[in-house]
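Okay, here's what each chain looks like letter by letter:
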Amino acid sequence: MKKLLYLLLVIPFAMMVASCSDDKDLPNVDITMSFDNAVVKDGIVYVEQDAVFSITGLTTKSVDSNQQSAIANVRYFWNGIPAPGLTWSNFPMEINMAEMPEPASGNNILGINATLLETDKSMSYCSLSIPIKSVKLEDMPDGQEPGEATLTFSTSRTSK
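The structure reproduced in this document is the subject of the present report. What you see is a predicted model, and the numbers here were worked out from it, not measured in a lab.

**Topic: the overall build of the chain**
- Each helix and strand in the chain was counted, giving one helix and nine strands.
- Starting at the N terminus, the α and β elements of the chain follow one another as α-β-β-β-β-β-β-β-β-β.
- The burial tally for the chain puts 34% of its 160 residues in the buried class.
- A separation of at least 24 residues holds for 68% of the contacts in the chain among residues at least 6 apart in sequence.

**Section: the nonpolar core**
- Among the nonpolar cores identified, the biggest contains 29 residues, and I31, M33, V45, F53, Y76, L110 and I130 are the most heavily contacted of them.
- Mapped onto this core, the elements with two or more residues apiece are β1 (29–41), β2 (44–48), β3 (52–62), β4 (69–78), β6 (93–96), β7 (107–118), β8 (124–135) and β9 (147–154).
- No other element matches β1, which puts five residues into this core.

**Notes on unusual backbone geometry**
- Its identity as a non-glycine residue notwithstanding, N79 has a phi of 50 degrees, on the positive side.
- Looking at the secondary structure, you find N79 in the loop between β4 and β5 (81–82).
- N79 sits in the partly exposed class, given a relative accessible area of 30%.
- Although it is not a glycine, D120 adopts a positive phi angle of roughly 65 degrees.

**Digging into the packing of aromatic side chains**
- Taken as a whole, this structure holds one aromatic pair when the rule is applied.
- Note on F35 and F53: the rings are 5.6 Å apart at their centroids and 25 degrees apart in plane angle, and the pair reads as stacked. With F35 in strand β1 and F53 in strand β3, this pair connects stretches of sequence that are 18 residues apart.
- You can call F35 buried: its relative accessible area is 1%.

Cut-offs used in this document
As a convention, each chain's residues are numbered from 1 in the sequence order in which they are written. For this predicted model, a pLDDT threshold of at least 70 governs which residues receive local features, and a threshold of 80 or more governs which side-chain atom pairs are given and counted, while totals over whole chains, interfaces and linings are taken from all residues. Calculation of side-chain values draws on the structure's entire complement of heavy atoms; hydrogens and water are dropped beforehand. Helix and strand definitions follow DSSP, with helices as H or I runs of at least four residues and strands as E runs of at least two, each counted in order from the N terminus. Under the scheme applied here, a residue whose accessible area is under 20% of the maximum for its type counts as buried, over 50% as exposed, and between as partly exposed, the area being computed with a 1.4 Å probe on protein chains only. Pairs of residues are marked as contacts when any of their non-hydrogen atoms sit within 4.5 Å. Here, nonpolar core means buried Ala, Val, Leu, Ile, Met, Phe, Trp, Tyr and Cys residues that are tied together by side-chain atoms lying within 4.5 Å of each other. Side-chain rings of Phe, Tyr and Trp (the six-membered ring for Trp) are treated as a pair once their centres are within 6.5 Å; stacked means planes under 30 degrees apart, edge-to-face means over 60, and tilted covers the remaining angles.

Worth remembering: the numbers are spatial, not functional.
This is the structure in structure tokens:
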């Protein structure tokens, strides 16, 4: 009887250790960031030095299936420093460029750490670094006017 009792006590712990899914089955999604008052060229986001630049959206789309996907627990960083008042939100965010500390070169990095989710996949984490170049209005690439722009990142993997 004692042996049966001990066996019954061990079964719940054994079930907690067992896993039903493959931990290597990670989300395969495209992450799209939408901006306002910006110009995107060659993967660099150009913003006017004294303007208010906005992130208007952060969305995901499954690459190899019709499964639903999402991005959550987003944490923003400006040049490696956690962005005050802008953390843990993956929706509209405004950055007043005149108030942000920036190097004399105008080269900045907007960092994003987040959790990626996709139906029937393991949870994953991602870290993105977006180059932000602060320039005068007349120095925008190709003379473009700042407006709505998007930048897409892919988590696609190639199999070996």
